[in-house]
Amino acid sequence: MRFLLDDEQRAFAHSLDALLTAANTPSVVRSWSAGDHTAGRALWSRIADAGVFALAVPEAYEGVGPLPVELAVAFVELGRHAVPGPLVETVAAPALLTEPGLAKRFLPGLASGETIATVALNGSYALDGDAATIHLAVGGGELRLAQGYGQGHGPVRTSIDPARRLTRLQEDGGELLATGPQVAAAAAHSLTWARLATAAQALGVGLTLLDRTVAYVKQRSQFGVPIGSFQAVKHRLADAKVALEFARPLLFGAALTMDPADVAAAKVTACEAAYTTARTALQLHGAIGYTAEYDLSLWLTKARALRTAWGTPGACRELVLK
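The sections below set out a description of the structure shown in this document. (Residues numbered from 1 in each chain as written. Predicted model: local features only at pLDDT ≥ 70, side-chain atom pairs only at ≥ 80, totals over all residues. Heavy atoms only, no water.)

Here we look at empty space enclosed by the protein
Alright, step 1. Summed over the entire model, instances satisfying the criterion amount to two cavities of 30 Å³ or more.
Alright, step 2. Its boundaries defined by the atoms lining it, the largest cavity holds a volume of some 80 Å³.
Alright, step 3. Lining of the largest cavity is provided by Pro 84, Gly 85, Leu 87, Val 88, Glu 89, Leu 127, Ala 163, Arg 164, Thr 198, Gln 201, Lys 302 and Trp 310.
Alright, step 4. Mapped by element, the contributors of at least two residues to the lining of the largest cavity are helix H5 (87–92) and helix H8 (181–219).
Alright, step 5. Among the elements that take part in the lining of the largest cavity, H5 stands out by supplying three residues, more than any other.
Alright, step 6. Along the walls of the second largest cavity sit Val 28, Gly 40, Leu 43, Trp 44, Ile 47, Val 83 and Pro 84, which together make up its complete lining.
Alright, step 7. Among the elements that line the lining of the second largest cavity, the one with the most residues is helix H3 (residues 38–49), at four residues.
Alright, step 8. Residues that form the lining of the second largest cavity fall into these classes: six nonpolar, one polar and no charged. (1 Å grid on protein atoms, 1.4 Å probe; cavity = no way out; pocket = protein on both sides within 12 Å on 5 of 7 lines; lining within 4 Å. Points joined across faces, edges and corners; volume = space filled by probe spheres on them. Helix = DSSP H or I, 4+ residues; strand = E, 2+ residues; numbered from the N terminus. Nonpolar A, V, L, I, M, F, W, Y, C, P; charged D, E, K, R; others polar.)

Details of the pairing of strand E4 (residues 142–145)
The side chains of a regular strand alternate, first on one face of the sheet and then on the other.
Alright, step 1. A one-sided burial pattern is seen for E4, the buried positions being Leu 143 and Leu 145 and the unburied ones Glu 142 and Arg 144.
Alright, step 2. Examined bridge by bridge, strand E3 (residues 134–139) and E4 share four bridges and lie antiparallel to one another. Across the sheet, the residue bridging to Leu 136 is Leu 145, located in E4.
Alright, step 3. The antiparallel hairpin formed by E3 and E4 contains two residues in its connecting segment, where Gly 140 sits at a positive phi of about 65°.
Alright, step 4. The pairing of E4 with strand E6 (residues 175–179) spans four bridges and is antiparallel. If you follow Leu 145 over to E6, its bridge partner there is Glu 175. (Buried < 20%, exposed > 50% of the residue type's maximum accessible area, 1.4 Å probe, protein only. Pairing = 2+ DSSP bridges.)

Describing the pattern of salt bridges
Alright, step 1. Counted by the stated rule, this structure contains 12 salt bridges.
Alright, step 2. Among the ionic pairs, Arg 30 bridges to Asp 295, the shortest N-O distance being 2.9 Å. On the criterion of sequence distance, the pair formed by Arg 30 in helix H2 (residues 25–33) and Asp 295 in the loop between helix H10 (260–285) and helix H11 (296–306) is long-range, its members being 265 residues apart.
Alright, step 3. Using a relative accessible area of 24% as the deciding quantity, one classes Asp 295 as partly exposed.
Alright, step 4. One network of salt bridges, with partners in common, ties together Glu 77, Arg 80 and Asp 211. (Salt bridge = Lys/Arg side-chain N within 4 Å of Asp/Glu carboxyl O.)

Fair warning: the whole summary comes from geometry, so function is off the table for now.
What follows is the structure in structure tokens.
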């Protein structure tokens, strides 16, 4: 299949790219990694004003969605610029809050960007619990609004990606929002949205890694010529390009169907493509690629972290093969 974005979708992507380019996201990422959320929250508000979070919220609750294709378009750009924060969790949360009372209570804030959500399924770590304003915990057939010390989260734990700050949610004693079989169904739907957004984010990360590496090999010279002229280097970059371009139609095809198996296939393909591109980028950059001060590292670590976020490659492949 060949999926082409329409004029409106392309304009949306271009507008987000311009917004994020002007925001100097590498400095925002570094501040966020250090626990300073001031610049990140300001960028979050601008992303919300662009309508990104409203794409996952129904019109009845001040959103414009659900629009999974447009959401995928947006998250590719967010990945391209390595935007930090619980972006995936905030667009996955509406699928957990479909009961009318909960939807009316929470969804308008999520759509406007006033509310930042993080989510933990079945005891998993939650992303950026120290920055989130609501903490949703799913487990044992219950959906709870977590609370406890630290406003619902435990100590921040380090991640391979410093901008992904992990916490355990304090489930005991939190407000019970829903219980019963419908919670499991909502959690499965939320997982599908999270995997779609993660796949799109990973594709964007891979595209930036490829672009930066292509630019670098044109500048770095050995034996008096740019290393980009070497056949072996061209082959590695071509392999990365093919992997990313193969992931793109799977991503948008999954956004059209929102079938869990299709989304799982898109996630594993996009994340593996980004991870392969990260390995190529690191090899071709050499030792400079390891340094935290060099911007490439912001995308290298994110590619590795997204690979297992919201489902390992093995778990996604298992779902596809069922």
